[in-house]
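# Working through the structure, step by step
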Amino acid sequence: MIIYKSPEEIKMMKKSGQLVGLILQELKDMIVPGLRTLDLDKYAEARTKELGARPAFKNYRGYPASLCVSINEEIIHGLPSDRKLREGDIVSLDFGVVYEGFYGDAAITCPVGQISDKAQLLIDTAKGAFWAGVKFFKEGNYLSDISHAIQTYVEAQGFSVIRNFVGHGIGYSLHEDPQVPNYGLPGHGPRLKPGLVLAIEPMIASGGHEVEVLTDGWTAITRDRSLSAHYEHTIALTENGVKILTLVDETESKEWKKGVFNA
Ligand code: MF3
Ligand code: CO
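These lines cover the structure that appears in this document, whether it is placed above or below. Quick caveat, the model's predicted, so the values are computed rather than measured. Going along each chain's sequence as written, the residues are numbered from 1 onward. Ligands are numbered from 1 and chains lettered from A, in the order in which they are written. Selection of residues for local features in this predicted model requires a pLDDT of at least 70, selection of side-chain atom pairs for listing and counting requires 80 or more, and totals for whole chains, interfaces and linings are taken over all residues. Water and hydrogen atoms play no part in the side-chain values, which are based on all heavy atoms of the structure.

## Structural notes on the sheet that holds strand β9 (residues 197-200)
Keep this limit in mind: Here the rule is simple: two strands pair whenever DSSP picks up at least two bridges between them. Note on conventions: DSSP H or I runs of at least 4 residues are helices, E runs of at least 2 residues are strands, and numbering of each starts at the N terminus. Whenever a helix is involved, its axis is fitted only over the stretch in contact; in every case the axis is a line through C-alpha atoms, and angles between N-to-C directions fall within 0 to 180 degrees. Whether two residues touch is decided by their heavy atoms; if any such pair falls within 4.5 Å, the residues are in contact.
The five strands are arranged β8-β7-β9-β14-β15 in an open sheet whose pairing can be described as antiparallel. In the strand order of this sheet, the two ends are held by β8 (176-180) and β15 (241-244), each with one partner. Across the sheet, the mean angle separating the axes of adjacent strands is 25° when strand polarity is ignored. Pairing geometry for strand β7 (residues 167-169) and β8, over three bridges, is antiparallel. Bridging from a neighbouring strand, Gly-167 pairs with Val-180 of β8. Those strands touched by helix α3 (residues 117-134) are β9, β14 (233-238) and β15, and its axis lies near 150° from that of β15. Along the sheet face, helix α4 (residues 143-156) touches β8 and β9 and points at about 20° away from the line of β9.

The structure is reproduced here in structure tokens:
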């Protein structure tokens with residue numbers, strides 16, 4: 001069952017979303033070759049508490065950390081550890097908080113130092129795919145119109161969409177209905193209406209879409225070890241249009257309006 005949110009609830013969710021966006025921005029600024037992924041996790045957890053919130057992922061279904069750090073062929077749920085970032089890596093940071101009972105969830109993929117053109121294109125495509133999906137986040141559209149737009153955008157670049165993991169409704173819990181696949185035919189699923197709040201999160205690979213999970217029980221990687229990128233925001237449909245609750249960098253939505261991410 002989808003829990004539609006009132007304007008007041010969306011206002012509360014914006015607060016938790018902005019904390020997520022702010023902390024992700026700070027984590028991004030910390031990234032340098034040689035940094036331990038555990039240090040990112042420690043920072044995220046301490047900063048969350050300092051801001052009066054609680055990490056959303058810690059202990060969720062037994063997840064042992066506050067942040068997911070997924071490097072290169074790792075898609076999602078990478079566990080923070082003593083591993084150090086290396087020049088040329090791409091690193092996905094997925095983070096969520098609970099603030100006054102409301103969840104926020106977002107992810108970005110960042111370069112570590114100089115990266116290859118192909119890796120940069122993969123990062124840009126994950127972000128562009130998100131914005132391609134947002135274009136269809138409109139009253140009256142079908143949920144799968146978003147999924148289809150994401151898939152079309154990603155495949156046009158010659159990359160593939162991960163199928164084993166999906167976006168989701170969010171609010172009173174991290175995962176609410178509905179599921180939001182990043183692929184599919186348009187015209188299916190519920191009609192979109194104000195009050196719908198989703199975490200839209202394209203996960204893409206430079207090779208095939210098949211996944212494997214490492215023996216740590218969490219880290220999902222591409223079976224062919226090709227690079228993967230992830231981009232996610234918590235977004236709300238309101239009477240006044242779309243609100244990207246976890247977005248702190250407004251230049252990005254201006255770029256979007258100018259069509260910078262158009263395929
Ligand atoms: N953004 C991811 C999701 O929506 C993060 C979950 S990590 C977990 O599922 F550890 F909490 F599972
Ligand atoms: Co999510």
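## Topic: the nonpolar core
Note the cut-off: Definition used in this section: a nonpolar core is a set of buried Ala, Val, Leu, Ile, Met, Phe, Trp, Tyr and Cys residues joined via side-chain atoms within 4.5 Å. Buried means the residue's accessible area, taken with a 1.4 Å probe over protein chains only, is under 20% of the maximum for its type, while exposed means over 50%, and partly exposed covers the values in between.
Formed by 55 residues in total, the largest nonpolar core has its most connected members in Val-91 and Leu-93. Top element by residues in this core is α3. It accounts for nine residues. Other than its neighbours up to four places away in sequence, Val-91 contacts Ile-31, Val-69, Ser-70, Ile-71, Leu-85, Ile-108, Thr-109, Cys-110 and Val-112. Residues Met-13, Ala-56, Val-98 and Ile-170 belong to the second largest nonpolar core, which totals 16 residues.

## Re the site of ligand 1
Spelled out, the test is: Residues are classed as near a molecule or strand on a simple rule: at least one heavy atom within 4 Å of it. N or O atoms within 3.5 Å of each other form a polar contact, as long as, within protein, one can give a hydrogen and the other can take it, and as long as residues adjacent in sequence are counted only when both atoms are side-chain atoms. Computed by Shrake-Rupley with a 1.4 Å probe, the accessible areas treat only the displayed protein chains as cover when residues are assessed. Residues are said to line a cavity or pocket when one of their atoms sits within 4 Å of a point; the points come from a 1 Å grid over protein atoms alone, cavities being sets where a 1.4 Å probe fits but cannot get out and pockets being open sets with protein on both sides within 12 Å along at least five of seven lines. Occupancy of a cavity or pocket is assigned to a molecule whenever over half of its atoms lie within 2 Å of that pocket's grid points. Any residue that is not Ala, Val, Leu, Ile, Met, Phe, Trp, Tyr, Cys, Pro, Asp, Glu, Lys or Arg is counted as polar, Gly included; the first ten are nonpolar and the last four charged.
If you check the shell around ligand 1, you find 13 residues, and the closest are Tyr-63, Asp-94, Asp-105, His-168 and His-175. Between ligand 1 and Asp-94 there is a distance of 2.7 Å, counted from a nitrogen atom to a side-chain nitrogen or oxygen. At a separation of 3.2 Å, a nitrogen atom of ligand 1 approaches a polar side-chain atom of Glu-232. Protein burial of ligand 1: of its 330 Å² of free accessible surface, 93% is covered by the chains. Under a 2 Å grid-point criterion requiring more than half of the atoms, the pocket assigned to ligand 1 is the largest pocket. Its residues placed into classes, the shell around ligand 1 shows six nonpolar, three polar and four charged.

## Let's talk about the coordination of the cobalt ion (ligand 2)
Selection rule: Because no water is among the atoms considered, metal sites can look incomplete, with donors defined as N, O and S atoms within 2.8 Å of the metal, or 3.2 Å for Na, K and Ca. The rule is simple: four donors are tetrahedral if all their angles sit between 85 and 135 degrees, four are square planar and six octahedral if opposite donors span more than 155 degrees and the others lie between 65 and 115, and anything that fits none of that is irregular.
Taken together, Asp-105 (OD), His-168 (NE2), Glu-201 (OE) and Glu-232 (OE) make up the full set of protein donors to the cobalt ion (ligand 2), lying 2.1 to 2.2 Å away. Here the cobalt ion (ligand 2) binds six donor atoms, and the angle range of 66 to 170° at the metal identifies the geometry as irregular. Counting along the primary sequence, the residues that act as donors to the cobalt ion (ligand 2) give the motif D-x62-H-x32-E-x30-E. A residue pair is termed long-range when its members are at least 10 positions apart, and Glu-201 in the loop between β9 and β10 (203-205) and Glu-232 in the loop between β13 (228-230) and β14 qualify at 31 residues. Side by side, Glu-201 and Glu-232 carry an identical accessibility label, which is buried.

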